[in-house]
Amino acid sequence: MSKKNIAMTLKPNEIVLVLWEDAAGKSRWVERLEATDMTPARCETIGRVLKVDKKGLRIAGSHDDSGHVMDANVIPLANIEKVHKLRFVSERKPKGSKK
């Protein structure tokens, strides 16, 4: 799905694979040629949707039964190349989700 449609189609607790680009850098002295050949990092993130708004997609990789999350990320919508909804059946529902 295109990033323009993300906010309209994703719902909280859906499990998604997000393909996106992130900034990349070098924090050491490098030759100018090495610096000019750098490219953004291509990333893949899998997680459960927490929230989507005009600022970004918030997802978390792990949830517990008390409502805590871990491996949480916010990915700016402008950085997202594609989002795939994953089909997954879980016996558990995150706290606060509708049953």
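Residues numbered from 1 in each chain as written. Predicted model: local features only at pLDDT ≥ 70, side-chain atom pairs only at ≥ 80, totals over all residues. Heavy atoms only, no water.

Considering the pairing of strand β2 (residues 41–53)
Alignment of strand β1 (residues 15–22) against β2, held across 8 bridges, turns out to be antiparallel. The residue of β2 that forms the bridge with D22 is A41. Bridge count for β2 against strand β3 (residues 56–63) is 5 bridges, and the pairing is antiparallel. Its bridge partner lying in β3, V52 is registered against L57. (Pairing = 2+ DSSP bridges. Helix = DSSP H or I, 4+ residues; strand = E, 2+ residues; numbered from the N terminus.)

Observations concerning the pattern of salt bridges
Throughout the structure, instances matching the rule amount to 6 salt bridges. Here K51 ties to D53 by a salt bridge, and the two come within 3.7 Å at their closest N and O atoms. On the basis of relative accessible area, K51 is assigned to the partly exposed category, the value being 44%. When its relative accessible area of 21% is taken as the criterion, D53 is described as partly exposed. Note that D53 and R58 form a salt bridge whose closest N and O atoms lie 3.1 Å from each other. A single salt-bridge network, built from bridges that share partners, covers K26, R28 and E34. (Salt bridge = Lys/Arg side-chain N within 4 Å of Asp/Glu carboxyl O. Buried < 20%, exposed > 50% of the residue type's maximum accessible area, 1.4 Å probe, protein only.)

Comments concerning the nonpolar core
With 14 residues, the main nonpolar core has L10, V18, L57 and I80 as its most contacted residues. Elements that contribute at least two residues to this core include exactly β1, β2, β3 and β5 (80–85). (Core = buried A, V, L, I, M, F, W, Y, C linked by side-chain atoms within 4.5 Å.)

So, the confidence of the model for the chain
Detailed reading of predicted coordinates is not advised where the pLDDT is low. Residues with a pLDDT of 70 or more make up 84% of the chain, whose mean pLDDT is 87. In the model of the chain, helix α1 (residues 6–9) stands out as the element of lowest mean pLDDT, 73, in contrast to strand β4 (residues 69–75), which has the highest, 96. (pLDDT = per-residue confidence, 0-100.)

Overview of unusual backbone geometry
Comment: phi is negative for the bulk of residues other than glycine, and the bulk of peptide bonds are trans. With phi around 80°, N13 is a residue other than glycine that occupies positive phi space. With respect to the helices, strands and loops of the structure, N13 is situated in the loop between α1 and β1. One non-glycine residue with positive phi stands out, namely D71, at about 60°. Residue D71 is classed as partly exposed on the basis of its relative accessible area of 47%.

Remarks on the environment of T39
Turning to its location among the elements, T39 is positioned in the loop between α2 (32–36) and β2. C-alpha of T39 to C-alpha of A23: the two residues are 16 residues apart in sequence and 8.2 Å apart in space.

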